[in-house]
Number of protein chains: 2
Amino acid sequence: VTRLGPGPEFDRIRAIEARLGERASGLGDDCALLPLGTEYLALSTDMSLEGVHFRTEWLSLEEIGWRAAAGALSDLAAVGAETVGVLAALSTPAAAPPDATVALMEGIGRATAAAGGTVLGGDLARGAAVTVAVTVIGRVARPVRRAGAVPGDRLWLTGKLGGARAGLLALEAGHQPDPAAREAFAHPVPRIEAGKWLAAHGARAMIDVSDGLAGDAAHLAAASGVSLAIPLERIPLGAGVADAARRRGEDPAEFAARGGEDYELLAALPAGFTTALAGEFERALGIPLTLVGEVQAGAGVALSRGGTSVTLTGFDHFAC
Amino acid sequence: VTRLGPGPEFDRIRAIEARLGERASGLGDDCALLPLGTEYLALSTDMSLEGVHFRTEWLSLEEIGWRAAAGALSDLAAVGAETVGVLAALSTPAAAPPDATVALMEGIGRATAAAGGTVLGGDLARGAAVTVAVTVIGRVARPVRRAGAVPGDRLWLTGKLGGARAGLLALEAGHQPDPAAREAFAHPVPRIEAGKWLAAHGARAMIDVSDGLAGDAAHLAAASGVSLAIPLERIPLGAGVADAARRRGEDPAEFAARGGEDYELLAALPAGFTTALAGEFERALGIPLTLVGEVQAGAGVALSRGGTSVTLTGFDHFAC
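Residues numbered from 1 in each chain as written. Chains lettered and ligands numbered in written order. Predicted model: local features only at pLDDT ≥ 70, side-chain atom pairs only at ≥ 80, totals over all residues. Heavy atoms only, no water.

A closer look at the confidence of the model for chain A
Residues and elements named next belong to chain A.
Thought 1: Residues with a pLDDT of 70 or more make up 97% of chain A, whose mean pLDDT is 92.
Thought 2: This model gives residues 314-320 a pLDDT under 50, and the stretch forms 23 contacts once residues within four places in sequence are excluded.
Thought 3: The ipTM assigned to the predicted complex is 0.90, against a pTM of 0.92. (pLDDT = per-residue confidence, 0-100. Contact = heavy atoms within 4.5 Å.)

Some details on the relation of the copies chain B and chain A
Thought 1: Once chain B is rotated about the relating axis by 180 degrees and shifted along it by 0.0 Å, it coincides with chain A to within an RMSD of 0.0 Å. The symmetry that links the two subunits is that of a two-fold axis.
Thought 2: An overlap of 100% is found between the interface residues of chain B and their copies at the interface of chain A, pointing to a shared contact surface. (Least-squares fit on C-alpha atoms with pLDDT ≥ 70 in both.)

Let's talk about helix 6 (residues 192-200) of chain A
Thought 1: Buried residues of helix 6 of chain A: Ile-192, Ala-194, Gly-195, Trp-197, Leu-198 and Ala-199 of chain A, and no others.
Thought 2: Once helix 6 of chain A ends, the next one or two residues include Gly-202 of chain A, with phi positive near 100 degrees. (Buried < 20%, exposed > 50% of the residue type's maximum accessible area, 1.4 Å probe, protein only. Helix = DSSP H or I, 4+ residues; strand = E, 2+ residues; numbered from the N terminus.)

Points about the pairing of strand 7 (residues 205-208) of chain B
All names here are of chain B.
Thought 1: Neither face of strand 7 is left uncovered, since the one carrying Ala-205 and Ile-207 and the one carrying Met-206 and Asp-208 both have all their residues buried.
Thought 2: With 4 bridges joining them, strand 7 and strand 9 (residues 265-269) adopt antiparallel strand pairing. Its bridge partner lying in strand 9, Met-206 is registered against Ala-267. (Pairing = 2+ DSSP bridges.)

Re the sheet that holds strand 4 (residues 118-126) of chain B
Residues and elements named next belong to chain B.
Thought 1: An order of 1-2-5-3-4 is seen for the 5 strands of this open sheet, with the pairing classed as mixed. Here the strands that pair on one side only, and so sit at the sheet edges, are strand 1 (32-36) and strand 4. Adjacent strand axes in the sheet meet at a mean angle of 15 degrees when their direction is disregarded.
Thought 2: Two elements, strand 3 (residues 82-92) and strand 4, share 8 bridges in a ladder whose sense is parallel. Bridge pairing in strand 4 places Thr-92 opposite Arg-126. (Axes fitted to C-alpha atoms, helices over the stretch in contact; angles between N-to-C directions.)

Topic: the interface of chain B and chain A
Thought 1: Listed per partner, the contact involves 57 residues of chain B and 57 residues of chain A.
Thought 2: Carbon and sulfur atoms make up 67% of the surface buried where chain B meets chain A, a total of about 4,900 Å² over both sides.
Thought 3: Taken together, the connections running from chain B to chain A amount to 4 salt bridges.
Thought 4: Here Glu-106 of chain A and Arg-19 of chain B are joined by a salt bridge, their closest N and O atoms 3.6 Å apart.
Thought 5: Where chain B packs against chain A, one counts 9 residue pairs in polar contact (both at pLDDT 80 or more). (Buried area = accessible area lost by both parts, 1.4 Å probe. Salt bridge = Lys/Arg side-chain N within 4 Å of Asp/Glu carboxyl O. Polar contact = N/O pair within 3.5 Å; in protein donor to acceptor, adjacent residues only side chain to side chain.)

A short note on helix 2 (residues 61-78) of chain B
Residues and elements named next belong to chain B.
Thought 1: Taking 1.5 Å of rise per residue, 18 residues should cover 26 Å, and helix 2 covers 26 Å from first to last C-alpha, within 8% of that figure.
Thought 2: By the criterion of burial, helix 2 is predominantly enclosed, with 17 of the 18 residues buried.
Thought 3: Gly-80 sits one or two positions beyond helix 2 and adopts a positive phi of about 80 degrees. (Expected span 1.5 Å × (residues − 1).)

Quick notes on the environment of Trp-156 of chain B
Thought 1: For Trp-156 of chain B, the position within the fold is in strand 6 (residues 154-158).
Thought 2: Each C-alpha atom of the pair Trp-156 of chain B and Glu-294 of chain B lies 8.9 Å from the other, and the pair is 138 residues apart in sequence.

Section: the nonpolar core
Residue and element names in this part refer to chain B.
Thought 1: Among the nonpolar cores identified, the biggest contains 66 residues, and Ile-108, Val-132 and Leu-198 are the most heavily contacted of them.
Thought 2: Broken down by element, the residue count for this core peaks at 11 residues, all from helix 2.
Thought 3: Not counting the four nearest positions on each side in its chain, Val-132 is found in contact with Asp-46, Met-47, Ser-48, Ile-64, Ala-68, Ala-89, Leu-90, Leu-104 and Ile-108. (Core = buried A, V, L, I, M, F, W, Y, C linked by side-chain atoms within 4.5 Å.)

What about the packing of helix 2 of chain B against helix 5 (residues 179-186) of chain B?
Residue and element names in this part refer to chain B.
Thought 1: Direction vectors running N to C along helix 2 and helix 5 enclose 65 degrees, while the axes themselves pass 9 Å from each other. Contacts from Glu-63, Trp-66 and Arg-67 of helix 2 reach helix 5 at Arg-182, Phe-185 and Ala-186.
Thought 2: A breakdown of the residues in the contact of helix 2 with helix 5 according to their chemical character gives 3 nonpolar, no polar and 3 charged. (Nonpolar A, V, L, I, M, F, W, Y, C, P; charged D, E, K, R; others polar.)

Points about the pattern of salt bridges
Thought 1: Under the definition given, this model contains 36 salt bridges over all chains.
Thought 2: For Arg-165 of chain B, the salt bridge identified is with Glu-250 of chain B, shortest N-O distance 3.4 Å. With Arg-165 of chain B in helix 4 (residues 163-172) and Glu-250 of chain B in the loop between helix 8 (241-247) and helix 9 (252-258), this residue pair connects regions lying 85 residues apart in the sequence.
Thought 3: Looking at Arg-165 of chain B, the relative accessible area reads 11%, which means it is buried.
Thought 4: For Glu-250 of chain B, the salt bridge is made with Arg-258 of chain B, and the minimal N-O distance between the two is 2.9 Å.
Thought 5: For Glu-250 of chain B, a relative accessible area of 16% translates into the label buried.
Thought 6: Classification of Arg-258 of chain B as partly exposed rests on a relative accessible area of 22%.
Thought 7: In the salt-bridge network here, residues are joined through shared partners; they are Arg-19 and Arg-23 of chain A together with Glu-62, Glu-106 and Arg-110 of chain B.

Thoughts on the packing of aromatic side chains
Thought 1: What the rule picks out here adds up to 8 aromatic pairs over all chains.
Thought 2: Centroid distance Trp-197 of chain B to Phe-281 of chain B: 5.2 Å. Interplanar angle 85 degrees. Geometry classified as edge-to-face. Of this pair, Trp-197 of chain B sits in helix 6 (residues 192-200) while Phe-281 of chain B sits in helix 10 (residues 275-285), and the two are 84 residues apart along the sequence.
Thought 3: Accessibility expressed as a relative area gives 0% for Phe-281 of chain B, which makes it buried.
Thought 4: An aromatic cluster of three or more residues is present, and its members are Trp-156, Trp-197, Phe-273 and Phe-281 of chain A.
Thought 5: Here the guanidinium or amino end of Arg-165 of chain A rests over the ring plane of Phe-255 of chain A, the centre of that ring lying 4.4 Å away.
Thought 6: Across the ring face of Tyr-40 of chain B, the terminal group of Arg-145 of chain B is positioned such that the distance to the ring centre comes to 5.6 Å. (Phe/Tyr/Trp six-rings, centres within 6.5 Å; stacked < 30°, edge-to-face > 60°. Lys NZ or Arg CZ within 6 Å of the ring centre and 35° of its normal.)

In structure tokens form, the structure reads like this:
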């Protein structure tokens, strides 16, 4: 049985696993991993719904397609897989423009091509709202899972956090978002190449932080059977995040640690992985790789600021 | 580019293929087929929406899950593949019972286990309605495609037609359906074993008739570059179909040829495939295999009754 962190969505996954028994396997991981000769097929599925994950007033249909595909592709990045392709099932309302499915598929196709794959199939339906269900297919020789971090490892994070949440909150409030924050929300880049690089450089456990760093770190901790210590002041903040947090009276690092929809990777690497290697990563990938914490014996995630413990809750799709 | 029959859904697929160019491949087939060592991985995705494909007053959540998975698994049957597993993305309304996702997944798990596979992953979300997006994964050494039928082949159909449409129409009208017709709608059986048997016995082209025999035969004809002659009197009718058709003043065979949601297979087999072999099929699989037509030079589907040409339209999800 998959060891997941706390939360109502994960209680549901636990209940489904209990009911299905041998009829299910590997639920709750970033990807299903099927042995395939000398490597694995990596598979994951993700559904984006109008009114839940996006509104059509905020994003173009192409952006909605890109975002849905990028979110699913991020699960391949999280196991260090390369992209083979995607399948996409779409529903659009009768009142949508006639080329709505073409525009959605265009965004899905662009995100998939940017990640190195092709659109392999789909299904089109009429529905009351725009729905995009994307299934991604990848391949990986040595998958990195959520389990595998050991005390003494250190935690590294790709990119910067909080931008997507800053963009989303501005859109929800009817404000013009900071352009970089809007881009982080509308046009996230799945870290496929970064995931492969980290896997090749010894990552022992990995997860994407699309449900928020705090919540997703709890899954990695639960799966690995360790505690993760993350000082909030180490979290790199995306453009526009500090301002967005202050406008809400929130601490910027807490804002970033809570905020979901950042498709960045959190990896546990042995202590021998140095700052010099992180510099190599940055030169090769063009994005930062930041030391954000340590793996320790114990359980759960210990957030702190200035050495003082901090409690905050993650972002739970099912609760929103 | 995939050669499809006429219809607005298929015009959309053609427009998507034209826009995506090299970013897409094999859209519009029953399955995507990825070469994998000496065999192929077969992949397909299908979305079922409350209010479009079902209503929650008609079916239990388990039946909704079964039906959604069976419809997707039928695409594996259509290429002669065996089931590996499925991924399922679900949305349920906030007002749904707390174990709604467990009940949906239970139905998906049962249909998948009955087809020889396991549930490999999923995604859970809140939405305004029940949505089930199922992606199926299979494997097949020698896939049977829609292209491949040649003049002189004969057309064979598994099972009987019209039952699902009879059940659906009774439910829509608020009547108690014939129990067999209700079962055909609520609990369709994907013809995985039948598809493998037909592939092993020389099927040159195959398709499932879930969009209606008339419409799906047009896809097989277009992909193979042939004409299909189907005398309507040969179509085997499901239980309750003749009564349901007469109540609507429709010819029962036309009713059955038009009606979708029957997850039966239409296969083109060489003329050497005999009635004796069909008897073997029936003993091995426990369902009928009926000679329903011939493959001829030309294009399109020629339906007839008593030797006279008949025109009817298929069932198009996107038009409903």
